[in-house]
Amino acid sequence: MKVLILFAHPAIAASRVQRHLYKAAQQVKDVTLHNLYQLYPDFDIDIKAEQALLAVHDVIIWQHPWYWYSAPPIVKQWQDLVLEHGWAYGSMGKQLLGKWAMNVITTGGPQTAYTVGGHNRYTIQQFLIPFEQTTRLCNMQYLPPFVIHGTHKMSEADISICALQYQEFLLGLSAGRFTLDELQACSYSNDLVPIPNSIQNT
Ligand SMILES: Cc1cc2nc3c(=O)[nH]c(=O)nc-3n(C[C@H](O)[C@H](O)[C@H](O)COP(=O)(O)O)c2cc1C
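Residues numbered from 1 in each chain as written. Predicted model: local features only at pLDDT ≥ 70, side-chain atom pairs only at ≥ 80, totals over all residues. Heavy atoms only, no water.

Trainee: Hey, could you go over the site of the ligand for me, with residue numbers and the actual values?
Mentor: Around the ligand there are 17 residues in total, and Ser15, Arg16, Trp66, Thr106 and Tyr114 lie nearest to it. The separation between an oxygen atom of the ligand and a polar main-chain atom of Val17 is 3.0 Å. In the complex, 73% of the free accessible area of the ligand, which totals 640 Å², lies under the protein chains. Class assignment of the residues belonging to the shell around the ligand gives a composition of seven nonpolar, nine polar and one charged. (Near = heavy atom within 4 Å. Polar contact = N/O pair within 3.5 Å; in protein donor to acceptor, adjacent residues only side chain to side chain. Areas by Shrake-Rupley, 256 points an atom, 1.4 Å probe, with all protein chains shown as cover. Nonpolar A, V, L, I, M, F, W, Y, C, P; charged D, E, K, R; others polar.)

Trainee: With reference to specific residues and values, describe the side chain of His9.
Mentor: Relative to the assigned elements, His9 resides in the loop between β1 (3-7) and α1 (18-26). A polar side-chain atom of His9 sits 3.0 Å from the main-chain amide nitrogen of Ala11. For His9, the residues in contact, after removing those within four places along its chain, are Ser15, Gln18, Tyr37, Pro65 and Tyr67. (Helix = DSSP H or I, 4+ residues; strand = E, 2+ residues; numbered from the N terminus. Contact = heavy atoms within 4.5 Å.)

Trainee: Describe the nonpolar core, naming the residues involved and giving the relevant values.
Mentor: Ranked by size, the top nonpolar core spans 34 residues in total, and within it Leu54, Ile74, Trp78, Leu96 and Ile124 carry the most contacts. For this core, the secondary-structure elements that each account for two or more residues are β1, α2 (36-39), α3 (47-55), β3 (59-65), α4 (73-82), β4 (100-106) and α5 (124-127). Setting aside anything within four residues of it in sequence, one finds Ile74 in contact with Ala8, Leu36, Tyr37, Tyr40, Phe43 and Ile45. Core analysis: the second largest hydrophobic core is formed by 30 residues, Val104, Ile148, Ala163 and Leu173 among them. (Core = buried A, V, L, I, M, F, W, Y, C linked by side-chain atoms within 4.5 Å. Buried < 20%, exposed > 50% of the residue type's maximum accessible area, 1.4 Å probe, protein only.)

Trainee: I'd like a description of α4, backed by residues and values.
Mentor: Buried within α4 are the following residues: Ile74, Val75, Trp78, Gln79 and Val82. All buried residues of α4 project into a common sector of 140° when viewed along the axis, lining one side. Considering only its buried residues, α4 is in contact with β1, α2, α3, β3 and α6 (129-137). (Arc of directions from axis to C-beta.)

Trainee: Hey, could you go over the packing of α3 against α4 for me, with residue numbers and the actual values?
Mentor: Interaxial distance between α3 and α4 falls to 10 Å at its minimum, and their mutual angle equals 90°. As the angle between them shows, α3 and α4 are arranged roughly perpendicular. Taking contact as the criterion, the partners of Ile47, Glu50, Gln51 and Leu54 in α3 are, on α4, Trp78, Leu81 and Val82. Each residue belonging to the contact of α3 with α4 can be placed in one class, and the counts come to five nonpolar, one polar and one charged. (Axes fitted to C-alpha atoms, helices over the stretch in contact; angles between N-to-C directions. Parallel < 35°, antiparallel > 145°, perpendicular 65-115°, else oblique.)

Trainee: Which residues make up the pattern of salt bridges, and what values go with them?
Mentor: Scanning all chains against the criterion turns up five salt bridges. Residue Glu156 is joined to Arg16 by a salt bridge in which the shortest nitrogen-to-oxygen separation is 3.7 Å. In this pair, Glu156 sits in helix α7 (residues 156-174) while Arg16 sits in the loop between β1 and α1, placing the two residues 140 residues apart along the sequence. By relative accessible area, Glu156 is classed as partly exposed at 45%. Its salt-bridge partner being Glu168, residue Arg177 comes within 3.5 Å of it at the nearest N-O pair. (Salt bridge = Lys/Arg side-chain N within 4 Å of Asp/Glu carboxyl O.)

So far we have only geometry, and geometry alone does not tell us how the molecule works.
This is the structure:
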């Protein structure tokens, strides 16, 4: 499986967690890292280049910090411009047919806050419904998100372990180690590469 990571962090120099995930991903063969804010600081996205990149990958990952219950704005700009009618969706738009897509997210809030009775009132999967439905409209299979919750309280050691867990996940994905059924049966893709309870930020 060829994996494309569309990385979107507007302030990578100030990042505590995403920059470690980025470095971990850099070391995985068959993963293409595509840094949207670095490539398009003026949001002037090259639609044809992005579509050509999508065409040669099997799995599309939006990797980003969680900002106001969604992604940083360049992700929306990317979707608005790249997922064109007649290319990505519509009766003639089948270029993404059968590809897999997912979000890889870090959230300040802990996992317990992302529950129906919790501080944020909705689960992360509920907040992600616009991504899920966008990918479905574009004939793709949406996978459960890989989420690192509770970043505000994570130690450097916790961050390193989560980065290794993410790397393991990417290795499994690119090696075809996970089936679609197996992935879609999870709430979080993290569940396929468990880490010890002691660092689970719940
Ligand atoms: C503008 C902004 C909005 C944020 N909104 C949320 C939010 O809605 N929910 C949440 O749990 N954390 C929120 N956070 C916290 C970030 O998700 C968290 O700091 C980030 O994922 C950590 O990754 P980083 O160290 O790579 O930046 C927000 C942070 C910023 C700067």
